[in-house]
Amino acid sequence: MNLFDFTDGREGYYGEYGGTFLPEILHTTIEELKLEFRKAKEDPAFWQEFLQLMQSYSGRPTPVSYLENLSKKLGGAQIYVKREDLNHTGSHKINNVMGQGLLVKRMGKTRIIAETGAGQHGYATATMGARFGFDTKIYMGAHDVARQRPNVFWMENMGAEVVAVTDGQQTLKDAINECLRDWVTNMDNTHYVLGTACGPHPFPEMVSWFQSIIGKEARQQMLDNAGGLPDRIFACVGGGSNAMGLFQGFLDDEAVELVGCEAGGLGEGKGNHASRLAYKDASVGVAQGMKTYFLQNDDGNMLETHSVAAGLDYIGVNPVLVHLWEKERVRFEAVTDDEVTEALKMAMLTEGIIPALESAHGFAQAIKEAATMKPSERVLINMSGRGDKDIFTIADALGDEHWKRFIAQKADEYKAEKEG
Ligand SMILES: *Cc1c(COP(=O)(O)O)cnc(C)c1O
């Protein structure tokens with residue numbers, strides 16, 4: 001299935017979803033990006049350059065691990081995990097930013113900008129900016145800057161300028177607006193590094209293409225090391241980039257079922273979660289450069305969302321996934337915060353691995369389903385990132401008293417130092 005063959009359709013559309021909805025003034029710069037991306041995609045040397053960079057800088061190929069203890073414990077399907085957590089910076093996000101970095105070089109631009117909510121994408125972008133020697137500016141809602149100090153700390157130490165946006169709610173939406181303003185003003189030398197497979201065409205296709213490295217590797221690794229293809233594969237879905245990355249490797253294998261796992265948060269009910277497709281609270285709209293499903297109210301204002309996993313806490317979703325969902329090629333499920341915490345504990349205790357809270361959504365759904373499957377069947381989970389970054393949230397979710405005491409003690413030390 002070639003999702004990106006537009007010869008008999010409208011370029012950048014997947015069914016009725018996708019498109020390029022941007023102010024006219026950005027037309028030239030988007031056209032330039034489209035052209036450069038098209039050339040790169042058709043040039044085998046570019047993909048080789050990307051592979052080599054990811055190998056030497058990020059440790060690719062990442063392995064597929066067999067979870068023998070967990071499989072035995074559940075007594076159902078054999079469970080395998082694609083280890084995107086072992087990438088440099090600890091998640092799949094680096095695949096996309098390094099790929100875009102190579103394109104920026106080809107376009108001869110010298111400056112990059114990005115927006116970030118939880119800070120993970122800002123962190124990856126700052127890394128890429130330092131490596132390529134670009135001038136890097138990261139927009140973040142002031143509220144998020146305050147909440148996400150560890151990521152801000154790393155961004156600044158890698159030489160990026162972090163701008164705390166004080167408009168509106170001071171969160172991601174306001175950072176996006178500010179970032180777009182910067183792009184309009186500086187598009188001659190500046191590239192906007194989008195962090196997920198959303199936004200105007202060509203971003204959904206381009207980000208998915210860089211992330212397809214996950215699925216390409218995983219399919220071969222299952223054949224070589226697991227004795228055959230998986231029966232079902234699971235990936236968490238925020239904007240949809242790690243899911244698109246994994247799924248593309250298996251799209252033509254009709255017997256492989258593709259399962260997208262969304263943030264069910266506190267459960268059903270508007271405002272309680274960030275599930276666009278599994279729960280029926282979202283509707284079709286045009287925003288942030290694309291037409292897709294959004295969590296919005298009747299006048300098109302975006303709803304509040306909730307998830308324990310900051311990276312899944314997003315109102316929109318990749319238009320290709322929506323199209324595949326309508327065609328019943330991808331199944332969507334929602335996983336609640338409580339289920340995520342249980343899955344995370346089980347992964348740590350039985351296998352000694354720490355999935356990111358986002359990735360634990362895939363684990364939770366896979367654990368639920370694997371238990372009802374036959375031992376001759378296989379499931380594959382995309383571990384999109386590592387959970388070390390979530391130590392504050394996970395310790396809270398587990399109610400760890402020693403951790404709370406440690407934080408309080410640190411705070412006392414700083415206070416004494418300041419007063420001393
Ligand atoms: C950002 C992030 C996600 C969500 O983004 P997608 O584009 O949906 O992949 C998932 N997992 C981790 C670890 C992340 O950092």
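Residues numbered from 1 in each chain as written. Predicted model: local features only at pLDDT ≥ 70, side-chain atom pairs only at ≥ 80, totals over all residues. Heavy atoms only, no water.

Before going further, it helps to spend a moment on the site of the ligand. Around the ligand lies a shell of 16 residues, among which Lys93, Thr196, Gly238, Ser241 and Ser384 are the nearest. In the environment of the ligand, an oxygen atom lies 2.6 Å from a nitrogen or oxygen atom belonging to the side chain of lysine 93. A distance of 2.7 Å is found between an oxygen atom of the ligand and a side-chain nitrogen or oxygen belonging to serine 241. For the ligand, whose accessible area on its own is 390 Å², the fraction buried by protein is 97%. Classifying every residue of the shell around the ligand gives four nonpolar, ten polar and two charged. Each of domain 1 (21-55 + 92-204) and domain 2 (61-90 + 212-397) contributes no fewer than three residues to the shell around the ligand. (Near = heavy atom within 4 Å. Polar contact = N/O pair within 3.5 Å; in protein donor to acceptor, adjacent residues only side chain to side chain. Areas by Shrake-Rupley, 256 points an atom, 1.4 Å probe, with all protein chains shown as cover. Nonpolar A, V, L, I, M, F, W, Y, C, P; charged D, E, K, R; others polar. Domains from an automatic or database assignment.)

In this section: the sheet that holds strand β4 (residues 78-83). The sheet built from six strands is open, its strands ordered β3-β4-β14-β9-β10-β13 with mixed pairing. Among the strands making up the open sheet, the edge pair consists of β3 (64-66) and β13 (330-336). Adjacent strand axes in the sheet meet at a mean angle of 25° when their direction is disregarded. Both strand β10 (residues 257-265) and β13 contribute to a ladder of seven bridges, which runs parallel. Across the sheet, residue alanine 263 finds its bridge partner in β13, namely valine 335. Across the sheet, helix α12 (residues 337-351) is in contact with β10 and β13; its angle to β13 comes to roughly 90°. (Pairing = 2+ DSSP bridges. Helix = DSSP H or I, 4+ residues; strand = E, 2+ residues; numbered from the N terminus. Axes fitted to C-alpha atoms, helices over the stretch in contact; angles between N-to-C directions. Contact = heavy atoms within 4.5 Å.)

Taking 1.5 Å of rise per residue, the 19 residues of helix α15 (residues 401-419) would be expected to cover 27 Å, and the 27 Å separating its terminal C-alpha atoms lies within 8% of that figure. A side-chain oxygen of the first residue of α15 lies 3.1 Å from the backbone nitrogen of histidine 402; this N-cap is aspartate 400. (Expected span 1.5 Å × (residues − 1).)

It is characteristic of soluble globular proteins that their nonpolar side chains tend to be buried jointly. Core analysis: the biggest nonpolar cluster contains 88 residues, and Leu246, Phe247 and Leu380 have the highest contact counts within it. Looking at this core element by element, the count peaks at eight residues for helix α9 (residues 203-225). Mapped onto the domain boundaries, this core takes at least three residues apiece from domain 1 (21-55 + 92-204) and domain 2 (61-90 + 212-397). (Core = buried A, V, L, I, M, F, W, Y, C linked by side-chain atoms within 4.5 Å. Buried < 20%, exposed > 50% of the residue type's maximum accessible area, 1.4 Å probe, protein only.)

The domain architecture assigned to the chain consists of domain 1 (21-55 + 92-204) and domain 2 (61-90 + 212-397). A separation of 24 Å is found between the C-alpha centroids of domain 1 and domain 2. Residue-level contacts link 23 residues of domain 1 with 26 residues of domain 2. Roughly 2100 Å² is buried in total at the junction of domain 1 and domain 2, and carbon and sulfur atoms are behind 66% of that figure. (Buried area = accessible area lost by both parts, 1.4 Å probe.)

This paragraph deals with the packing of aromatic side chains. Enumeration over the complete set of coordinates arrives at 17 aromatic pairs. Ring geometry for tryptophan 47 against tryptophan 209: centres 4.9 Å apart, planes inclined by 50°, an arrangement best described as tilted. With tryptophan 47 in helix α2 (residues 44-58) and tryptophan 209 in helix α9, the pair connects residues that are 162 residues apart, well separated along the chain. For the pair tryptophan 209 and phenylalanine 210, a centre-to-centre distance of 5.3 Å together with 45° between the ring planes defines the contact as tilted. We classify tryptophan 209 as buried; its relative accessible area is 9%. A residue is classified by how much of its surface remains accessible, and phenylalanine 210, at 0% relative accessible area, is buried. It is arginine 10 that lies over the ring of tyrosine 13; its NZ or CZ is 3.9 Å from the centre. Lysine 216 extends its terminal NZ or CZ atom over the ring of tryptophan 47, reaching a point 4.1 Å from the ring centre. (Phe/Tyr/Trp six-rings, centres within 6.5 Å; stacked < 30°, edge-to-face > 60°. Lys NZ or Arg CZ within 6 Å of the ring centre and 35° of its normal.)

Attention shifts here to the side chain of histidine 323. Within the element layout of this structure, histidine 323 appears in helix α11 (residues 319-326). A polar atom in the side chain of histidine 323 sits 3.4 Å from the backbone nitrogen of glycine 15. Those residues in contact with histidine 323, other than ones at most four positions away along the chain, are Tyr14, Gly15 and Tyr17.

This brings us to the environment of arginine 276. Inspection of the secondary structure assignment puts arginine 276 in the loop between β10 and β11 (283-287). Sequence separation between arginine 276 and glycine 264 is twelve residues, and the spatial gap between their C-alpha atoms is 9.6 Å. Not counting chain neighbours up to four residues away, the residues in contact with arginine 276 comprise Val237, Gly238, Glu262, Ala282, Tyr293, Leu295, Tyr314, Ile315, Gly316 and Val317. Engagement of the side chain of arginine 276 in a polar contact is seen with the backbone oxygen of glycine 238, the distance being 2.8 Å. Side-chain polar atoms of arginine 276 contact the backbone oxygen of alanine 274, separated by 3.0 Å.

This paragraph deals with the sheet that holds strand β6 (residues 135-141). The strand order across the open sheet built from four strands is β7-β6-β5-β8, with neighbouring strands paired in parallel fashion. Lying at the two open borders of the sheet, with one neighbouring strand each, are β7 (161-165) and β8 (190-192). Across the sheet, the mean angle from the axis of one strand to that of its neighbour is 20°, orientation sign disregarded. Where strand β5 (residues 111-115) lies against β8, three bridges are found, and the strand directions are parallel. Considered in β8, the bridge of isoleucine 112 is made with histidine 191.

A separate point is the packing of helix α4 (residues 93-107) against α9. Between α4 and α9, whose axes approach to 8 Å, the crossing angle comes to 120°. Relative to α9, the element α4 lies oblique. For the pair α4 and α9, the crossing hand works out as right-handed. Mapping the contact onto sequence places Lys93, Asn95, Asn96, Gly99, Gln100 and Leu103 in α4 and Phe203, Met206, Val207, Phe210, Gln211, Ile213 and Ile214 in α9. (Parallel < 35°, antiparallel > 145°, perpendicular 65-115°, else oblique. Left-handed = near helix turned anticlockwise from the far one by under 90°.)

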